[in-house]
Amino acid sequence: MMATRTTTTSPTRAGRALSADQCDAIPAEFTLQDLVVAYFDCRKSKRNSRSALQFEERLERNLIELHDELADGTYQPGRSICFVVTRPKAREVWAADFRDRVVHHLLYNHISPRFYRSFIADTCACIPGRGTLYAAQRLETKIRSASQNWSTPLWYLKCDLANFFVAIDKRVLDGQIAARVSEPWWLQLAQTILHHDPRGNYELRGAPELLARVPAHKRLTNQPAHLGLPIGNLSSQFFANIYLDALDQFAKHQLRARHYVRYVDDFVLLHESPQWLGDALRRINTFLPERLHANLNPTKTILQPVAHGVDFVGHVIKPWHTRTRRRTVNEAISRVSGIDAADVFTSANSYFGLLRQSDSSHADRARLARAVLRRGHCVSADFTKAYRRSHGSK
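Residues numbered from 1 in each chain as written. Predicted model: local features only at pLDDT ≥ 70, side-chain atom pairs only at ≥ 80, totals over all residues. Heavy atoms only, no water.

## Some details on the overall build of the chain
Short version of the rule: Numbering of helices and strands runs from the N terminus; a helix is a DSSP stretch of H or I covering at least four residues, while a strand is a stretch of E covering at least two. Our radius of gyration is a C-alpha quantity, and the globule rule it is checked against amounts to 2.2 Å times the number of residues to the power 0.38. Buried, partly exposed and exposed residues are distinguished by accessible area as a fraction of the type maximum, computed with a 1.4 Å probe on protein chains only: under 20%, between the cut-offs, and over 50%, respectively. In this description, accessible areas are obtained by the Shrake-Rupley approach with a 1.4 Å probe, and a residue is regarded as covered only by the protein chains that are shown.
Across its full length, the chain carries 14 helices and 14 strands. By the compact-globule yardstick of 21 Å for 394 residues, the chain fits well, its C-alpha radius of gyration being 23 Å. Projected onto the principal axes, the alpha-carbon positions of the chain cover approximately 65 × 60 × 40 Å. Counting all 394 residues of the chain, 50% fall into the buried class. Carbon and sulfur atoms provide 51% of the accessible area of the chain, an area that totals close to 18900 Å².

## Focus on empty space enclosed by the protein
Here is the rule we go by: Only protein atoms enter the 1 Å grid used here. Points where a 1.4 Å probe fits but cannot escape make up a cavity, open sets with protein on both sides within 12 Å along at least five of seven lines make up a pocket, and a residue lines them when an atom lies within 4 Å of a point. Grid points are joined across faces, edges and corners, and a volume is the space filled by probe spheres set on the points. Amino acid classes used here: Ala, Val, Leu, Ile, Met, Phe, Trp, Tyr, Cys and Pro are nonpolar; Asp, Glu, Lys and Arg are charged; the rest, including Gly, are polar.
Under the criterion given, the structure shown has five cavities of 30 Å³ or more. Of the voids in this model, the largest cavity is the one considered here, and its volume is about 150 Å³. Along the walls of the largest cavity sit 18 residues, with His104, Ile193, His196, Pro230 and Asn233 positioned nearest its centre. Counting residues per element, the ones that place at least two in the lining of the largest cavity are strand E3 (91–96), helix H5 (98–118), helix H9 (184–195) and helix H10 (234–253). Considering each element in turn, the lining of the largest cavity owes the most residues, three residues, to H10. Here the lining of the largest cavity is built from residues that sort into ten nonpolar, seven polar and one charged.

## Quick look at the packing of helix H4 (residues 59–72) against H5
Which entries qualify depends on this criterion: Only C-alpha atoms enter the line fits that serve as axes; for helices the fit covers just the stretch in contact. Angles between N-to-C directions range over 0 to 180 degrees. In these notes the angle categories are as follows: under 35 degrees is roughly parallel, over 145 is roughly antiparallel, 65 to 115 is roughly perpendicular, and the rest is oblique. With the far helix as reference, a near helix turned anticlockwise by less than a right angle produces a left-handed crossing, and one turned clockwise produces a right-handed crossing. When checking whether two residues touch, look at their non-hydrogen atoms; a contact exists if any pair is within 4.5 Å.
Interaxial distance between H4 and H5 falls to 11 Å at its minimum, and their mutual angle equals 60°. Relative to H5, the element H4 lies oblique. Handedness of the H4/H5 crossing: right-handed. Along the contact surface, H4 presents Glu65, Leu66, Glu69 and Leu70, while H5 presents Arg99, Val102, Val103 and Leu106. Of the residues that constitute the contact of H4 with H5, the class distribution is five nonpolar, no polar and three charged.

## So, the environment of Leu288
Relative to the helices and strands, Leu288 resides in helix H11 (residues 274–292). According to the relative accessible area criterion, Leu288 is buried, its value standing at 0%. Measuring from C-alpha to C-alpha, the distance between Leu288 and Phe250 comes to 9.9 Å, with 38 residues separating the pair along the chain. If near-sequence neighbours (up to four positions away) are discounted, Leu288 is found in contact with Leu247, His293, Ala294 and Leu296.

## Regarding unusual backbone geometry
Of note, the phi angle at Arg256 is positive, near 55°, even though the residue is not glycine. On the secondary structure map, Arg256 appears in the loop between H10 and strand E7 (260–263). Assessed through its relative accessible area of 63%, Arg256 is described here as exposed. With phi around 60°, Phe383 is a residue other than glycine that occupies positive phi space. Among the structural elements, Phe383 can be located in the loop between strand E13 (378–379) and strand E14 (386–387). Residue Phe383 is classed as partly exposed on the basis of its relative accessible area, which comes to 23%.

## Things to note about the confidence of the model for the chain
How we decide: In predicted models, pLDDT denotes the confidence assigned by the predictor to each residue on a 0 to 100 scale.
With 92% of its residues at a pLDDT of at least 70, the chain reaches an overall mean of 90. In this model residues 1–23 is a low-confidence stretch, pLDDT under 50, and it forms 47 contacts with partners more than four residues away in sequence or in other chains.

## Regarding the layout of surface pockets
Considered as a void within the structure, the largest pocket measures approximately 1900 Å³ in volume. Lining the largest pocket are 48 residues; nearest its centre among them are Pro88, Lys89, Arg91, Asp265 and Asp266. Broken down by secondary-structure element, the contributors of at least two residues to the lining of the largest pocket are E3, strand E5 (155–160), helix H7 (164–167), H10, E7, strand E9 (302–305), strand E10 (310–312) and helix H12 (326–338). For the lining of the largest pocket, the leading source of residues is E5, giving four residues. Considering only residue class, the lining of the largest pocket consists of 21 nonpolar, 13 polar and 14 charged.

## Description of helix H6 (residues 132–146)
Rule in force here: What a helix is expected to span follows from its residue count: subtract one and scale by 1.5 Å. Directions are taken from the helix axis to each C-beta atom, and the arc is the one they span.
If you check H6, its first and last C-alpha atoms are 21 Å apart, about what 15 residues at 1.5 Å a residue would give, namely 21 Å. Among all positions in H6, only Ala135, Ala136, Leu139, Glu140, Lys142 and Ile143 are buried. For H6, the buried positions fall inside an angular range of 160° around the axis, keeping them on one side. Where H6 ends, the next residue or the one after it, Gln148, has phi of about 50°, a positive value.

## Here we look at the sheet that holds strand E12 (residues 321–324)
Sheets are built from strands paired through backbone hydrogen bonds, the pairs being either parallel or antiparallel. To be explicit about the condition: Note: two strands are recorded as paired if DSSP finds a minimum of 2 bridges between them.
In space, the three strands of this open sheet follow the order E10-E11-E12, with antiparallel pairing throughout. Of all the strands in the sheet, just E10 and E12 have a single pairing partner and so form its edges. Each neighbouring strand pair of the sheet contributes to a mean axis angle of 25°, computed without reference to strand direction.

## Overview of the packing of aromatic side chains
Worth spelling out the cut-off: The pairing test for Phe, Tyr and Trp rings, Trp by its six-membered ring, is centres within 6.5 Å, and the orientation test on the planes gives stacked under 30 degrees, edge-to-face over 60, and tilted for anything in between. Only lysine NZ and arginine CZ atoms are considered, and such an atom sits over a ring when it is within 6 Å of the ring centre and within 35 degrees of the ring normal.
Per the stated rule, a full pass over the model turns up 17 aromatic pairs. Relative to Tyr243, the ring of Phe164 has its centre 6.4 Å away and its plane inclined at 40°; by these criteria the two rings are tilted. Of this pair, Phe164 sits in helix H7 while Tyr243 sits in helix H10, and the two are 79 residues apart along the sequence. The burial state of Phe164 is the same as that of Tyr243; both residues are buried. Taken together, the aromatic side chains of Tyr108, Phe115, Tyr116, Phe119, Phe238 and Phe239 make up a single cluster linked through ring pairs. In this arrangement the basic side chain of Lys385 is found over the ring face of Tyr387, its NZ or CZ atom lying 5.9 Å from the centre.

Put into structure tokens, the structure is as follows:
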């Protein structure tokens, strides 16, 4: 059974959001063409969603209306969709309306280049060309360099932040954005998006009992207004990188870590001395609460020899080979074996693409291929691609 519930309350906003009267005095610094570009960027991945189709029914009028609201300072974010995903673990997702996603892309297109220029090369996620494969390959390159191609002992420290997205302090982030965005109109738009509280106007989709599977401390609905970014929006991913750039700069310039990689809130430091890494951990545990009002998750802090294998962004990097994480492989096989027949082809090829990223994936791809064959599809001889069979699907 699917349930839909609409919740509307008075929105709560933290920080220095400008009033509509103040916005009237700020000249708009974008064009309708900029908004059209943002629309096309947004529709690349969201074209078949309900809100995207509704927006496209009156596309020209909707774009002009949105342009006018942004230009005269009356724009306010609309209703969000809240739902729960259960893989790999239960968590809330807050999807902004398509109209608001266009605005997120408008802001991102304008201000992201200035931030990207200051990010270190080891900052990954939500940056063009720096996905999970980039992060895994960069870490493997650093391991090979620091261990002289696996010939000398090396240790690693792996950490992640506790309850990351729901614990981000928007007051800290507000100052970080203001330090780089000097144009009044763009700063006001960034603050409007940052401080919008989706809990004030949202629609719950899916089974309500799924919410009980999300731990209370990981739910945005249980956080004070100044904490938390909604998982599921481009703006949140981009803001998260701005927020943790302070950690990246601290690692490089204060800790002077030569070998450091971060993907979202997971980061790894390498060193030949476990004592040096232990001291780095102590200093990070001091820096995070003082500077970002954040904390590490102690249950996910690992300090051990690299030779044992480094589990990072879904890959396990070991001497001379890389494998996909066991849990990911087992989940892929379980999912392909149990989903609707109509979805097997798409899901299988997605998983084949993921497994091919590891250089020692032949055995894993063979296991997945057997699951695909049992569902009535064909598989290439090298276990890299599934093909539809015209009959016999199960």
